[in-house]
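The residues making up each chain are set out below.
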Amino acid sequence: MTREGWTRLGLVAAGIAALEALCRTKVIKPLTLVPPSRMVHDLAGLLIAGDIFDDIGQTAIEVGGAFFLAIVLGVLMGAAIQATPRLRRAVAPVLASWYAVPSFVFYPLLVALFGLSTSPLIAIGVLSATPAMVVATIGGLDRVPRVLLRAARIHRLTAAQTLWLITLPSALPSLFTGLKLSFAYAFIGVIAGEFILSGGGIGYGIAYAYESFETPKMYALMLLVLIVAVGVNGALHAWEGRLLQRRQR
Amino acid sequence: MTRLFDSLAIVAGILLLWTGVFEYAGDSAITGPLQTFRFAANLLGRADFWQHAQATLSAFGYALAISAVAGIALGLILGLHRFSGDVAEPMLASLYTIPKVTLYPLMLLVFGLGVSAKVAFGVIHGMIPVILFTLSAVKNIPQVLLRTAKALHLTPMQTATHLLAPAVLPEIISGLRIGFALTFLGVLIGEMFASQRGLGFLIINGINSHDVKRTTAVILIVITASVAANGALLALDRRAHH
């Protein structure tokens, strides 16, 4: 691991240790925050008991579905928009101001449209994640050097070959940024939706635990959300690093 | 001319989609465009609406000031000190991924109900993008510029005003635009859960009491204000980047 990596690890460890100490010495009241060790312990207990598997499964389906749909829709729409300059000019303001709109306000409407099931949550995930992927796809396709495309034509590559050998490698860095952002937005959208109005999922579990004063369970679930967010982000980051390294060789 | 036509087509498309959703879902979910505009205009003329709007705006003002000042300061420090920047950047990116709504019980326990919880919510949403944009702006200043400053024996103050500021300003404006939108979002979410006043409270209250007319109108006002502010910042952003 690099020096930066170790420092990061040390900082996180020091932070957790400080929090633990503050909680143990009751400087932070147990009602406000339970010690990190207790959170880990409670989370392990919840996982072993298996009570939260339904919630985890529901959230996983929603986030996974939204993420997948956002990638497919985002890449297709991004490619279509990039190929038609006029469309691009027209939708540019929409894309630029999309994230200025607090999309969760549409959630009640989506519930009315789809009913109280997993579909409105997937819909809100797709709504918040797709534009990031569209923007990333446009940016990635813009970065494909013209000269390489011309070379592809000279060599009579098929469309599939051109896509695989020329377009994809050049667009990759931007696409990866899109992937990371799309995951973050899908995850945030789904958890927030569950939190506000839902009958299941991890977000709902946190809200429910909070309202029924089950503080330890609430913190255990928050920890789970934290671990998933940081874990997936880290995994995508590592994958990106490996692919980019291979490209440089 | 075609540009005007295209913009109008986009607006028409949005209105058409809205009408379609309204026809499909009915007025238990959303009100139609015309009715909503009329009700929103009516709301804008009422004093109690402006009290809520003012509560939101003042909390937003505090939150934005903190996000901007602390965000830029932290970004500058982390950007200038390369090692700290490299350590902090992935951590900040991870923090950005966390659904911060789930932290709301913690925020309530720490800050209590009221303005400070709303402001805190706005800050945790809005500050990270400002830090990240500032950090990358400072990190990407061409070394040649810094060497020139040294060669010309500029004082640190002169370096800051004549070299660093112009070099990083465009990126900082981009960061502030995103920070602006997210801070607003954070304040609204904070109001939905942690407050009895403000536009976010009006929305959640409308949802809970099935007052579709008012909810849709407030949402329309919020979105219009947010998109308009974003448009203004976007124009500023473009001018800074040329």
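Residues numbered from 1 in each chain as written. Chains lettered and ligands numbered in written order. Predicted model: local features only at pLDDT ≥ 70, side-chain atom pairs only at ≥ 80, totals over all residues. Heavy atoms only, no water.

(A) Just the overall build of chain B, in detail. Counting its regular elements, chain B contains ten helices and zero strands. If you list the helices and strands of chain B from N to C, you get α-α-α-α-α-α-α-α-α-α. The dimensions of chain B, computed from C-alpha atoms along their principal axes, are 70 × 55 × 30 Å. The buried share among the 242 residues of chain B stands at 47%. Accessible surface, chain B as shown: approximately 12100 Å² in total, 70% of it carbon and sulfur. (Helix = DSSP H or I, 4+ residues; strand = E, 2+ residues; numbered from the N terminus. Buried < 20%, exposed > 50% of the residue type's maximum accessible area, 1.4 Å probe, protein only. Areas by Shrake-Rupley, 256 points an atom, 1.4 Å probe, with all protein chains shown as cover.)

(B) Molecular detail of the packing of helix α8 (residues 159-196) of chain A against helix α9 (residues 202-211) of chain A. Residues and elements named next belong to chain A. Between α8 and α9, whose axes approach to 7 Å, the crossing angle comes to 40 degrees. Classed by the angle they form, the pair α8 and α9 counts as oblique. Crossing angle aside, the handedness with which α8 passes α9 is right-handed. Only Ile 202, Gly 203, Tyr 204, Ile 206 and Ala 207 of α9 make contact with α8, whose side of the interface consists of Ile 191, Glu 194 and Phe 195. Here the contact of α8 with α9 is composed, by residue class, of six nonpolar, one polar and one charged. (Axes fitted to C-alpha atoms, helices over the stretch in contact; angles between N-to-C directions. Parallel < 35°, antiparallel > 145°, perpendicular 65-115°, else oblique. Left-handed = near helix turned anticlockwise from the far one by under 90°. Contact = heavy atoms within 4.5 Å. Nonpolar A, V, L, I, M, F, W, Y, C, P; charged D, E, K, R; others polar.)

(C) Up close: the interface of chain A and chain B. Counting residues at the interface gives 47 residues for chain A and 47 residues for chain B. Regarding the contact of chain A and chain B, the summed buried area is about 4100 Å², with carbon and sulfur atoms giving 78% of it. Between the two partners, chain A and chain B, sit one salt bridge. Here B:Asp6 makes a salt bridge to A:Arg86, at a shortest N to O gap of 2.9 Å. Linking chain A to chain B there are seven residue pairs in polar contact (both at pLDDT 80 or more). Elements represented by at least two residues in the side of chain A that touches chain B include exactly α1 (3-24), α4 (85-97), α5 (107-114), α8, α9 and α10 (215-248) of chain A. In terms of residue count, α8(A) provides more of the side of chain A that touches chain B than any other element does, ten residues in total. Residue classes in the side of chain A that touches chain B are distributed as 38 nonpolar, four polar and five charged. (Buried area = accessible area lost by both parts, 1.4 Å probe. Salt bridge = Lys/Arg side-chain N within 4 Å of Asp/Glu carboxyl O. Polar contact = N/O pair within 3.5 Å; in protein donor to acceptor, adjacent residues only side chain to side chain.)

(D) Fine view of the environment of B:Leu146. Residues and elements named next belong to chain B. Of note, Leu 146 is situated in helix α7 (residues 143-151). The exposure class of Leu 146 is partly exposed, given its relative accessible area of 31%. Along the chain, Leu 146 and Thr 159 lie 13 residues apart, while their C-alpha atoms are 8.1 Å from each other. Those residues in contact with Leu 146, other than ones at most four positions away along the chain, are Ile 141, Leu 163 and Leu 164.

(E) Spatial organisation of a nonpolar patch on the surface. Among the surface-exposed residues, A:Phe68, A:Leu69, A:Val72, A:Leu73, A:Leu76 and A:Met77 lie close enough to one another that they form a single nonpolar patch of about 540 Å² accessible area. Locating A:Leu73 in the fold gives a position in helix α3 (residues 53-83). (Patch = residues over 30% accessible without salt bridge, like charges linked within 9 Å, V, L, I, M, F, W, Y side chains within 5 Å.)

(F) Just the side chain of A:Glu20, in detail. Residues and elements named next belong to chain A. Positionally, Glu 20 belongs in helix α1. Overall, the relative accessible area of 17% leaves Glu 20 in the buried class. Those residues in contact with Glu 20, other than ones at most four positions away along the chain, are Pro 35, Pro 36 and Ser 37.

(G) Seen up close, the packing of aromatic side chains. Residues and elements named next belong to chain A. Considering all chains together, one arrives at ten aromatic pairs over all chains under this definition. Both rings, one in Phe 176 and one in Trp 239, keep their centres 5.2 Å apart while their planes meet at 85 degrees; by these two values the pair is edge-to-face. In this pair, Phe 176 is assigned in helix α8 and Trp 239 in helix α10, connecting sequence segments 63 residues apart. (Phe/Tyr/Trp six-rings, centres within 6.5 Å; stacked < 30°, edge-to-face > 60°.)

(H) Representation of the packing of α3(A) against helix α6 (residues 119-142) of chain A within the structure. Residue and element names in this part refer to chain A. Their axes nearest at 6 Å, the elements α3 and α6 cross at an angle of 35 degrees. For the element pair α3 and α6, the recorded crossing hand is right-handed. Here the contact of α3 with α6 is built from residues that sort into 17 nonpolar, eight polar and two charged.

(I) Main features of the pattern of salt bridges. All names here are of chain B. Applying the stated criterion across every chain yields a total of eleven salt bridges over all chains. Here Arg 46 ties to Asp 48 by a salt bridge, and the two come within 3.5 Å at their closest N and O atoms. Because the salt bridges share partners, they merge into one network encompassing Asp 86, Glu 89 and Lys 139.

(J) Structural detail: the environment of A:Ala184. Note on placement: A:Ala184 falls in helix α8. In this structure, the C-alpha to C-alpha distance between A:Ala184 and A:Ala49, residues 135 residues apart in sequence, is 29 Å.

(K) Structural context of the environment of A:Ile61. Residues and elements named next belong to chain A. Position of Ile 61 relative to the elements: it lies in helix α3. Ile 61 gets classed as exposed once you look at its relative accessible area, which sits at 56%. Separated by 61 residues in sequence, Ile 61 and Ile 122 place their C-alpha atoms 8.5 Å apart.

(L) The nonpolar core, seen in detail. Counting 101 residues, the largest nonpolar core has A:Ile206 and B:Leu199 as its most contacted members. Ranked by residue count, the leading element in this core is α8(A), at 13 residues. When neighbours within four sequence positions are excluded, B:Leu199 is seen to be in contact with B:Phe49, B:His52, B:Ala53, B:Thr56, B:Leu188, B:Glu191, B:Val218 and B:Val222. In this structure, A:Tyr107, A:Leu110, A:Ala123 and A:Ile124 belong to the second largest nonpolar core, which totals six residues. (Core = buried A, V, L, I, M, F, W, Y, C linked by side-chain atoms within 4.5 Å.)

In short, geometric facts, not functional conclusions.
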